Amino acid sequence: MLNLTAADATRVATDLLCVPVCEDESLHAAAEVAALVKRIQSLPEFSGKKDETTLLYDAPETKARRILFAGLGPAGKVDAESLRSLAGRAVARAIEMKLKRVHFVVPTPEPLGLSLPEAAAALMEGARLANHIFDRYRKEKKHSPLNRIVFVVKKGAASRLKPLVTKVEAVCRGTLAARDWVTTPSNDKRPDALAADIARRARRSKLKVTVLDEAALKRLKCGSLLSVAAGSSKPARMVVLEYRHPGAKEKLALVGKGVTFDTGGISLKPPAGMEDMKSDMAGAAAVAGAMLTIAELKPALNVVAALPLVENMPSGSATRPGDIVTSYSGKTIEIGNTDAEGRLILVDAIAYLVKTAKPHAVVDLATLTGACVMALGERIAGVFSPDDRLAEALLASSGATHERCWRMPLPDDYRDFMKSDTADIRNLSSTRWGGAITAALFISAFVDNTPWAHVDIAGPASISKKGPYCGVGGTGFGVRLLCDLIENWKPLS
Ligand code: BES
Ligand code: ZN
Ligand code: ZN
């Protein structure tokens, strides 16, 4: 869908030519484009302010039916995210106008303080991610995505940027797969169905796939995971995905929370907003999406992923508050609240991978706590890790992808809040404060010495108002973060 061409921008025949414009600096070396921009900027209605746009029809100097001038604001304030947003908005507008083919003029990146690959990749990413519509539940499809999105670059740059197209396409495919899984309603992604769908996509991508069913999980003694699934009429699954590279020196383990719907269980959630709990499997979706991407990009790192999939329901067979369950690690857990279920499935999946795969590091992604959303809002994830290098690697990937993360503390004394009178540990803190931290500390009690990081994505996993390059529903948050982490992986010791 994405393409590159080294043409003269004024000569391309297209439905829409998008020209990024800065308020204060020229971004176009080609004289014809620069002249056109100058002419438009002399008009009172367009100066290139951020998010300002103007449309020009059938300009005699070009072969484009329409030119969309899109403002970026002052050059000094532009970053890769400004370009993702600009491209996303332009694609959304073209879809709205029912167009089929859009060309973007890739700007000279120097005034923006970016490299050409950085600028081009950002535009491609924003455009590709915006060119996606979740309408499989609508009989009447109102709009359809663009067929072709082409990036016009200067001569000589096209062949150099070609590998970037392949990379961005793969990363976006993984992200869009994750978005679709999250947006799918919970009646169509119960644990068995979601496991089958992930397994199908993963096999098609040539990943090694193992689906552990309820009997296998019982044999493995994943009592903590199974206790969450106990109330549902659909049994638990754990999908294990493996990617291997012959030149790999290290192995990374990924775990994603996959609660296909979180009612809270017997500690039932209040009805307002409960429908949002269809996104409680966004961690699993992000990890699965990232695995699909790396299967295409083939980085030199072995990666193994575990996706515990359960539905947290109240029923006559559901786990009760006060029950004590035995986890895979052998540690017993007193259930203080059946709504603190994410940590219960994560600890069995993490302990299983640490024991069987012996990874050099493990990273889990989970829509784990409302407290993390309270602390950081809906757009920023919390990163928890006792390992500074792993935390810094995640924060570096966060900066590169604009999947924003903020490091949170793991204070040792807060562990006391999870002491149980009857079991080894309790899944609920004795204080209502610092819930994101105590949840992370609970997980850490099951990880031993393997470097570990936990990313609480409860805020950014889904959105209820559309963004510049993401529609309402799942955001796929974490896919780009994990792909960047893997691409830039360095041994921790
Ligand atoms: N899935 C929720 C966390 C969540 C909340 C995700 C809001 C997305 C948006 C999780 O399982 C949960 O219910 N957590 C409880 C924990 C509490 C019972 C200790 C919470 O955050 O209130
Ligand atoms: Zn819950
Ligand atoms: Zn949950």
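Residues numbered from 1 in each chain as written. Chains lettered and ligands numbered in written order. Predicted model: local features only at pLDDT ≥ 70, side-chain atom pairs only at ≥ 80, totals over all residues. Heavy atoms only, no water.

Once that is clear, we can look at the overall build of the chain. What the chain contains, in helices and strands, is 13 helices and 20 strands. C-alpha atoms of the chain, sized along the principal axes, occupy 80 × 50 × 40 Å. Here the chain holds 493 residues, and the buried ones make up 57% of them. Taking the intrachain contacts of the chain between residues at least 6 apart in sequence as the baseline, contacts between residues at least 24 apart amount to 77%. For the chain, the separation between the mean place of its 66 positive charges and that of its 54 negative charges on side chains is 6 Å. (Helix = DSSP H or I, 4+ residues; strand = E, 2+ residues; numbered from the N terminus. Buried < 20%, exposed > 50% of the residue type's maximum accessible area, 1.4 Å probe, protein only. Contact = heavy atoms within 4.5 Å. Lys, Arg positive; Asp, Glu negative; His and termini not counted. Charge placed at Lys NZ, Arg CZ, Asp CG, Glu CD.)

Once that is clear, we can look at the domain arrangement of the chain. We note that the domain assignment places domain 1 (2-155) and domain 2 (174-487) within the chain. Taking the mean C-alpha position of each, domain 1 and domain 2 sit 37 Å from one another. The interface is formed by 15 residues belonging to domain 1 together with 15 residues belonging to domain 2. Taking both sides of the interface into account, the surface hidden between domain 1 and domain 2 amounts to around 1,300 Å²; carbon and sulfur atoms contribute 60%. Counting across the interface, domain 1 meets domain 2 through 2 salt bridges. Between Arg480 and Glu125 there is a salt bridge, with its nearest N and O atoms 2.8 Å apart. Across the domain 1-domain 2 interface, the total number found is 8 residue pairs in polar contact (both at pLDDT 80 or more). (Domains from an automatic or database assignment. Buried area = accessible area lost by both parts, 1.4 Å probe. Salt bridge = Lys/Arg side-chain N within 4 Å of Asp/Glu carboxyl O. Polar contact = N/O pair within 3.5 Å; in protein donor to acceptor, adjacent residues only side chain to side chain.)

The strands that make up a sheet pair up through hydrogen bonds in the backbone, lying either parallel or antiparallel. Pairing in this open sheet of 6 strands is mixed, and the strands run S1-S6-S5-S2-S4-S3 from one edge to the other. With partners counted over all chains shown, the strands left at the sheet margins are strand S1 (2-5) and strand S3 (53-57), one partner each. Between one strand axis and the next, the sheet turns through 25 degrees on average, direction left out of account. Relative to strand S4 (residues 66-71), strand S2 (residues 16-21) is paired through 5 bridges, and the arrangement is parallel. For Cys18, the partnering residue across the bridge sits in S4 and is Leu68. (Pairing = 2+ DSSP bridges. Axes fitted to C-alpha atoms, helices over the stretch in contact; angles between N-to-C directions.)

Turning our attention to the pairing of strand S18 (residues 452-456). In terms of burial, S18 is largely enclosed, as 5 of its 5 residues are buried. Taking every second residue as pointing to the same face, both faces of S18 are buried, with Trp452, His454 and Asp456 on one and Ala453 and Val455 on the other. As judged from the 5 bridges shared by strand S14 (residues 361-366) and S18, these two strands associate in the parallel manner. Among the inter-strand pairings, Val362 is bridged to a residue of S18, identified as Trp452.

Take the coordination of the zinc ion (ligand 3) next. Donor atoms from the polypeptide that bind the zinc ion (ligand 3) are Lys257 (NZ), Asp262 (OD), Asp280 (OD) and Glu341 (OE), placed at 2.0 to 2.4 Å. For the zinc ion (ligand 3), the 6 donor atoms in the first shell make angles of 78 to 173 degrees at the metal, so the coordination geometry reads as octahedral. The zinc ion (ligand 2) is placed at 3.2 Å from the zinc ion (ligand 3), the two being bridged by Asp262. With Lys257 in the loop between strand S9 (251-256) and strand S10 (258-262) and Asp280 in the loop between S10 and helix H8 (282-297), this residue pair connects regions lying 23 residues apart in the sequence. (Donors = N, O, S within 2.8 Å, 3.2 Å for Na, K, Ca; no water. Tetrahedral: all angles 85-135°; square planar, octahedral: opposite > 155°, others 65-115°.)

Around the zinc ion (ligand 2), the donor atoms from the protein are Asp262 (OD), Asp339 (O), Asp339 (OD) and Glu341 (OE), and they sit 2.0 to 2.2 Å away. Coordination at the zinc ion (ligand 2) is irregular, judged from the 6 donor atoms that bind it and the angles of 71 to 168 degrees they form at the metal. We note that the donor set of the zinc ion (ligand 2) lies within a single chain, spaced as D-x76-D-x1-E. Under the relative-accessibility criterion, Asp262 is labelled buried at 3%.

Turning to helix H13 (residues 479-487), a few remarks are in order. Given 3.6 residues to a turn, an α-helix orients residues that are three or four positions apart in the same direction. Of all 9 residues making up H13, 8 are buried, and the element is well covered by its neighbours. Listed in full, the buried residues belonging to H13 are Val479, Arg480, Leu481, Leu482, Cys483, Asp484, Leu485 and Ile486.

Bringing the packing of aromatic side chains into the picture now. Under the definition given, this model contains 6 aromatic pairs. Summarising the aromatic geometry, the rings of Phe46 and Phe69 are spaced 6.2 Å apart at their centres and angled 55 degrees between planes, so their arrangement reads as tilted. One end of the pair, Phe46, is in the loop between helix H1 (31-41) and S3; the other, Phe69, is in strand S4, and 23 residues separate them in sequence. In terms of burial, Phe46 and Phe69 fall into one category: buried. (Phe/Tyr/Trp six-rings, centres within 6.5 Å; stacked < 30°, edge-to-face > 60°.)

Turning next to the nonpolar core. The biggest cluster of nonpolar side chains holds 56 residues, and the ones touching the most others in it are Leu254, Met291 and Val363. In terms of residues, this core owes the most to one element, H8, which gives 11 residues. Setting aside anything within four residues of it in sequence, one finds Leu254 in contact with Val287, Met291, Val303, Val304, Ala305, Ala306, Leu353, Val363, Leu482 and Ile486. In terms of nonpolar packing, the next biggest core, distinct from the first, is built from 51 residues, Val259, Leu346, Val347 and Leu353 among them. (Core = buried A, V, L, I, M, F, W, Y, C linked by side-chain atoms within 4.5 Å.)

Take the site of ligand 1 next. Near ligand 1 lie 15 residues; those nearest to it are Lys269, Asp280, Asp339, Glu341 and Gly370. Within the contact set of ligand 1, an oxygen atom lies 2.7 Å away from a side-chain nitrogen or oxygen of Asp339. Taking Thr367, its main chain carries an N or O atom lying 3.5 Å from a nitrogen atom of ligand 1. Burial of ligand 1 by the surrounding chains reaches 74%, relative to a free accessible area of 520 Å². A breakdown of the residues in the shell around ligand 1 according to their chemical character gives 4 nonpolar, 4 polar and 7 charged. (Near = heavy atom within 4 Å. Areas by Shrake-Rupley, 256 points an atom, 1.4 Å probe, with all protein chains shown as cover. Nonpolar A, V, L, I, M, F, W, Y, C, P; charged D, E, K, R; others polar.)

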